[in-house]
Structure formats: structure tokens, C-alpha cells
Amino acid sequence: MLEHLRTGDWLTRERVRIIAFTLLAFYVAAMAFLFATSNGRVDRFDRPLGTDYSQVWTAGRFVLEGHPEKPFDNAAHERRQQQYFSPTSGFFHWGYPPYFLVVAAVFALLPYALSLLLWQASTFLLYLLAIRRIAPLQDGLLLAAAFPAVFVNVSHGHNGFLSAGLMALALLALERRPLVAGILFGLLAYKPQFGLLIPVALLAGGHWRAVVAAGVTIVVMTLGTLWAFGWETWRGFFDMMHFSRVVVSEQGATGWYKIQTIFSAARMWGGSIPLAYGAQALSTLGCAAIVAWMWFTQVDRRLAAAALLTGALLSTPYALDYDMVLLGPALAFVVAYGLEKGFRPWEKTALAVVWAIPLLARTLTLATFVPVGQIVMIAFMAMIFSRAWAERDAERSVEKQRLVAEIGAFSIVGAIGFAVDAGLTLLFAKGLGFSGYAARVPAMMIAVAVTWWLNRIWTFRSRDPRLLREFLRYVLANLFTAACNLGIYAVVLWGASRMGFEQSGGAIFAALVVGSGAAAVANFILSKYFSFAKDGDPAQEAKPRMAPSPDPLR
């Protein structure tokens, strides 16, 4: 049995399909039962259909009535929920920034049950679109729909689909359409606790246009809501932040077993609030370090994206099991990577556990007081980091071998260039009667052209079709390094004279060695990163290859 778990060969296509279809049938039956036995707003268990969605629809009704500040008044919001649903159906407080009131108002135009269905269906399609774009597998949409976090999110009428869809589509658009990606990241400001690591990733990866686009989007949304709703609404949000932090997060009014964060685990085990914040800070900083390293070192974009999605859950003190929808696109990115690069032992089984955990996290934590959801997410993050680290080790080995080969080829080409320069200088001077200075000019020009061509086809294997541009860059690099050579030569001679060596043979030789050596190093660096830089289409080179194996399950 252990061997099957190690290799993952127990995950046959037939078995996966049976599990997925069984879960989907259960989800549909459960939701159909709740709707069929409800009065259109409250189910038979005296809960609002879609539980948490009741606050969204109620907040939207406030906005339509011209009172966008009322959702932040707990007393007024609770009275209105009791009026719309049931006096005993519970209270769901509103803690979102005013941005989300726009969405709430749009869906509040419809009757409650229809509004809930359209809200979940539209955002679910956004989530499925993202998964399809990440990993267009034969059974990919089936697995995405049967992902247990889907049922948890639907049963709560929550926004996990919207958060996962926006972040995943932003990551997919980042390389080719950075402005679109930035706008999508900016829209995530409606749930700011999941955006802590986004600036870290974008800045580490050098995605400046996306950073600017995200910032502009947030500024526009803020000014727009200030204009539409007024300052009172924003002040209500800032006042509500205290309630959300103290009552909901620190005191765990929601229930520690529902909150899937390091902070909640520490509090569930009896830790003080400062201790819980300290543990959460360690988790946040650890995730930030991993994300920064992965995005800065340009590891495979799919692993970097999966780390950001998973880190979003591990870096916030407040996230519930329905927010684990974010793990859906994270899993899709890792699966797409594994199908191309191969899976290591235990990885397929580990991915299956991550896929299943949203359905089990709440129940197991309540029964055992073991934060299984957090443990699985930490293990998933560690697995992603391990693959990225192994990939970088392999890349560093290849890069080192390539660098050594390039230095060797560059040195040989340099020797050939010297031979061409010296031979032609003698030919022009002795054979054609040129003066010594006049003979150097055509000889150097030909030598530069010869070395450029040899370095192009052999040393750096350039495929840039812009030959003139590349050649001019090579000439400029050689002129610059020649100037450096002469300058360093002069400085060394001046320093030797200051130390009393005057123009001795040893001083001249030392100046030649230092100047020529520095110029050779500079020439190589400029040739590699300037003259023959592979900058034809960096977006295409950096874009993850998303084409998976046609048959991922046996």
C-alpha cells in the first residue's frame, strides 16, 4: 500500500472520476434539498440560504435605499437581516471595504434566491475559466468543480470563486498583459487580507507596470466610492475594522475550527493574543521570503504563482475554509508543472490530500483540536518551495556549465581576433605600404567584424535577426572596453610613478596586465548582457508553458 501512495498510481482516471462525480452529486443534492425546503430566503434549519450571502444582499439593499453607511452599523444591519430572513437565523456582520458595496447593490436588484444563484454561478464560471486556462486537462473542469472548497463556498454563498478567479487570471495575464493583471490585482482590494504578498511578488519579479496599474485601480476605486457613497461610509468601514479584529478574529466569534490560519491555531490551543500574532508574523514573513525568492530568481512561473496563492492563505490572520478555493488554481498550477516536469515520490498523493482537505478541515479540527487545514497548507507550501529549490539547483548547474563554455569560447575568439588584427596590420603595413597607424584602422575593423560573427554563431549562439543593431552594440561595447583599458593602464602607471617606480618595464607590464584583464572581463560581460542579450521577446521566454500531458491519469 505504501508503494502505491509513494508512486501515486492509485490515482487512476477511473477512480478519480468516480470520486469527483460522487462528490458533485452530493453537492447538487444537498443544495437542491436546502433550496427545495426553504421559503426562498431561509432554509429548514432556520438559516439564510447561502448563510453569509445574507449580509451581502442586505448591504446591497441599504445601498439601493440611499444608505451605504448602514451595513457598518451592526445594530441596523442585524435588525434588517432579521426583517428579511428570520429573528432567530443569526447575524452576519459586514466587514468589507466600500468597494464591495457596488457588487452588493447590483445583485440586490434581484430577489434573494435568484440573486444568490446568479452570484454563485457567475463567479463560479470565473473560477472555472481560470482553471481551464491554467491546466486544460481532459478532466480538469470536473476536478475543479468537484474540489471540496467549491461546496464549502457555495453552501456559504461566499466570494471564494471571485477571489480565486481574479488572482489566478491576474497571474496568467502578468507576463503578456501586465496592465490587465494589475487591474485584476487591484480589484482584489475588496478582500485586502489576501493581498499582503502581492506587492512582494510583483516588486521581486520586477513587474512595475502591474504595480502601477494595481495602485491606480485602487485609487480610482477609492475615489469612486468616496464620490458615490461619501466619507461616512468609509468612516464606518474604519470603525468596523476594530470589531472585525477584536470580536471576529482575536476572540474567535466565528469559531476557531472554522478559521484556517496560524493565528487561529495558536488561539485555539490557548495562546495569548500577542503569542498568536507572533506565530502569525513568523508564518507571514516566512511566506513573504519564499515568494520574494521565487519571484526574484525567476523560477518556473507556475510554481511561483502557486506559492503566491497558497501564501495568501498562510500570511493572513483571518481566512476561513471557504477561502480555500484559492488552493484550486494553486493545485492546477502545480499539476500543470508536474505533468511537464514529472512528479516526485509522494507528490501525487500529497496533491490529493490538499485537494480533499477543505471538506475535512473544519470537522477534523472540531473533533481533534488539530489544525489539519493549516498543517496541510504548510506542507503544500513546503512542497512547492522544494520543487523550486531543486529546479534552481539544476538551472545553476546548467548555467555554470554554460558560463564556463562561453568564457572558453570567448577567449578563443579573442585569440583569433588578435591573430587577425596582427596579421592584417602586418599585411597592410609591409605588403601594401600603409603606415603603422593607417594599417591598424582596417585591421581592427575587420578583426571586430570577425570576432562579432564568431561570438554570434558560436559563443552566445544569438538568433537576433537585427544584425546591424547587434553589430553596432558590439562595436560600442568594444569602444567602451578599449577606453577602459587605456584609462586603467594610465591610472596604474600614474600610481606606480607616485610610488617611485616611474616608467619601469615592470610597471608598464603590470599596467598592461591590469588594463587588458579588466577590459577582457568588461568586454565579456557587455557582450553577454548587452551586445548579445536575449531580449527579443522576454515575455514569451518567461511565460510558463501550460501545455500538459494529454493523459495525466492512468
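From a predicted model like this one, the values you see are computed outputs, not experimental measurements.

Peer 1: For the environment of Arg-61, give the residues involved together with the corresponding values.
Peer 2: On the secondary structure map, Arg-61 appears in helix H3 (residues 53-64). Accessibility expressed as a relative area gives 27% for Arg-61, which makes it partly exposed. Along the backbone, Arg-61 and Thr-451 are 390 residues apart, and their C-alpha atoms lie at a distance of 74 Å. Ignoring anything within four residues of it in the chain, the contact list for Arg-61 reads Tyr-84 and Ala-108. Side-chain polar atoms of Arg-61 contact the backbone oxygen of Ala-108, separated by 3.1 Å.

Peer 1: Outline helix H15 (residues 273-296), supporting the account with residue identities and numerical values.
Peer 2: In a regular helix each residue adds 1.5 Å, so 24 residues correspond to 34 Å; H15 covers 34 Å between its end C-alpha atoms and thus fits that length. All of the buried residues along H15 are Ala-276, Gln-280, Ser-283, Thr-284, Cys-287, Ala-288, Ile-290, Val-291, Trp-293, Met-294 and Trp-295. With a side-chain oxygen positioned 3.2 Å from the backbone nitrogen of Leu-275, the residue opening H15 is Ser-272. Downstream of H15 by one or two residues, Gln-298 has phi in the positive range, about 60°.

Peer 1: Describe empty space enclosed by the protein, listing the residues and the values that go with them.
Peer 2: With a probe scaled to a water molecule rolled over the atoms, the places where space remains empty come into view. Applying the stated criterion across every chain, the model contains two cavities of 30 Å³ or more. Approximately 30 Å³ is the volume attributed to the second largest cavity. Taken together, Asp-52, Tyr-53, Gln-55, Val-56, Tyr-96, Trp-119, Gly-157, His-158 and Asn-159 make up the full set of residues lining the second largest cavity. If one sorts the elements of the lining of the second largest cavity by residue count, H3 sits on top with three residues. Residue classes in the lining of the second largest cavity are distributed as four nonpolar, four polar and one charged.

Peer 1: Break down the packing of helix H9 (residues 160-173) against helix H10 (residues 178-187) for me, with residues and values.
Peer 2: It is at 8 Å that the axes of H9 and H10 come closest, and there the two elements cross at 160°. Judged on the interaxial angle alone, H10 and H9 are roughly antiparallel. In the packing of H9 onto H10, the handedness of the crossing is left-handed. Here Leu-166, Met-167, Leu-169, Ala-170, Leu-171 and Ala-173 of H9 come into contact with H10, specifically with Pro-178, Val-180, Ala-181, Leu-184, Phe-185 and Leu-187. When its residues are assigned to classes, the contact of H9 with H10 shows 12 nonpolar, no polar and no charged.

Peer 1: Summarise the environment of Ala-289; cite the residues concerned and give the values.
Peer 2: Along the chain, Ala-289 falls in helix H15. Overall, the relative accessible area of 47% leaves Ala-289 in the partly exposed class. Along the primary structure Ala-289 and Thr-425 are separated by 136 residues, whereas in three dimensions their C-alpha atoms are 57 Å apart.

Peer 1: Got a sec to walk through the pattern of salt bridges? Specific residues and values, please.
Peer 2: Applying the stated rule across the entire model yields 18 salt bridges. The partner of Arg-80 in a salt bridge is Glu-65, with the nearest N and O atoms 2.9 Å apart. Taken together, the residues Arg-80 in helix H4 (residues 74-84) and Glu-65 in the loop between H3 and H4 connect sequence positions 15 residues apart. Its relative accessible area of 17% is what places Arg-80 among the buried residues. A residue is classified by how much of its surface remains accessible, and Glu-65, at 40% relative accessible area, is partly exposed.

Peer 1: Tell me about the packing of H15 against helix H16 (residues 301-314), residues and numbers included.
Peer 2: Running from N to C, H15 and H16 point in directions that differ by 165°, and their axes come no closer than 10 Å. If you check the angle between H15 and H16, you find them roughly antiparallel. Crossing angle aside, the handedness with which H15 passes H16 is left-handed. Side by side, H15 and H16 meet where Gln-280, Ser-283, Thr-284, Cys-287, Val-291, Met-294 and Trp-295 of the first sit next to Arg-301, Leu-303, Ala-304, Ala-305, Ala-307, Leu-308, Gly-311 and Leu-314 of the second.

Peer 1: Hey, could you go over the side chain of His-207 for me, with residue numbers and the actual values?
Peer 2: Along the polypeptide, His-207 turns up in the loop between helix H11 (198-204) and helix H12 (208-229). His-207 has contacts with Leu-174, Glu-175, Leu-202, Trp-295 and Arg-301, leaving out every residue within four places of it along the chain.

Peer 1: Please give an account of the nonpolar core that cites residues and values.
Peer 2: Counting 116 residues, the largest nonpolar core has Tyr-127, Phe-185, Met-294, Trp-295 and Phe-380 as its most contacted members. If we ignore the near neighbours within four places in the chain, the residues touching Met-294 are Val-299, Arg-301, Leu-303, Ala-304, Ala-307, Ile-384 and Ala-388. Membership of the second largest hydrophobic core comes to nine residues, among which are Trp-256, Ala-266, Ala-276 and Leu-320.

Peer 1: An account of the packing of aromatic side chains is needed here, citing residue identities and associated values.
Peer 2: By the definition in use, this model includes 37 aromatic pairs. Between the aromatic rings of Trp-94 and Phe-100, the centroid separation amounts to 5.9 Å while the plane-to-plane angle is 15°, which identifies the pairing as stacked. Taken individually, Trp-94 and Phe-100 each receive the classification buried, so the pair is uniform in this respect. Judged by centre distance (5.4 Å) and plane angle (80°), the ring pair of Phe-107 and Trp-119 falls under edge-to-face. Taken together, the residues span a long stretch of sequence, with Phe-107 in helix H5 (residues 99-107) and Trp-119 in helix H6 (residues 112-134) at a distance of 12 residues. Residue Trp-119 is classed as buried on the basis of its relative accessible area, which comes to 3%. Members of the aromatic cluster, joined through ring pairs, are Tyr-53, Trp-57, Tyr-84, Phe-85, Trp-94, Tyr-96, Phe-100, Phe-107, Tyr-112, Trp-119 and Tyr-190. Its guanidinium or amino end placed over the ring of Phe-45, Arg-44 lies 5.9 Å from that ring's centre, counting from NZ or CZ. The side chain of Lys-528 reaches across the aromatic face of Tyr-529, ending 5.6 Å from its centre.

Definitions and cut-offs
- Along each chain, the written sequence defines residue order, and numbers are assigned to residues from 1.
- Only residues with pLDDT of at least 70 get local features here, since the model is predicted, and only at 80 or more are side-chain atom pairs given and counted; chain-wide, interface and lining totals rely on the full set of residues.
- The side-chain numbers reported here are obtained from all heavy atoms of the structure, hydrogens and water having been left aside.
- Runs of H or I in DSSP of at least four residues are treated as helices and runs of E of at least two as strands, each being numbered from the N terminus.
- Relative accessibility decides the category of a residue: with a 1.4 Å probe and only protein chains considered, values under 20% of the type maximum give buried, values over 50% give exposed, and everything between is partly exposed.
- By definition, residues are in contact when any of their heavy atoms lie within 4.5 Å.
- Residues adjacent in sequence count toward polar contacts only when both atoms are side-chain atoms; beyond that, a polar contact is any pair of N or O atoms within 3.5 Å, and within protein one must be able to donate a hydrogen and the other to accept it.
- Here the expected length of a helix is defined as 1.5 Å per residue gap, with one fewer gap than residues.
- Think of a 1 Å grid over the protein atoms and nothing else: a 1.4 Å probe that fits but is trapped marks a cavity, an open set flanked by protein within 12 Å on at least five of seven lines marks a pocket, and residues with an atom within 4 Å of a point count as lining.
- Grid points are joined across faces, edges and corners, and a volume is the space filled by probe spheres set on the points.
- Each residue gets one of three labels, nonpolar for Ala, Val, Leu, Ile, Met, Phe, Trp, Tyr, Cys and Pro, charged for Asp, Glu, Lys and Arg, and polar for the others, Gly among them.
- Here an angle of 0 to 180 degrees is reported between the N-to-C directions of two axes, which are lines fitted to C-alpha atoms, with helices fitted over the stretch in contact.
- In what follows, roughly perpendicular refers to angles from 65 to 115 degrees, roughly parallel to angles under 35, roughly antiparallel to angles over 145, and oblique to any angle outside these ranges.
- By the definition used in this description, the sense in which the near helix is turned from the far one sets the handedness, with an anticlockwise turn below a right angle giving left-handed and a clockwise turn giving right-handed.
- In what follows, salt bridge is the name for a side-chain nitrogen of Lys or Arg lying within 4 Å of a carboxyl oxygen of Asp or Glu.
- Nine residue types can take part in a nonpolar core, namely buried Ala, Val, Leu, Ile, Met, Phe, Trp, Tyr and Cys, and a core is a set of them joined through side-chain atoms within 4.5 Å.
- Pairing of aromatic rings covers Phe, Tyr and the six-membered ring of Trp, with a centre-to-centre limit of 6.5 Å; geometry is then stacked below 30 degrees between planes, edge-to-face above 60, and tilted otherwise.
- Whether a charge lies above a ring is judged from NZ of Lys or CZ of Arg, which has to be within 6 Å of the ring centre and within 35 degrees of the ring normal.

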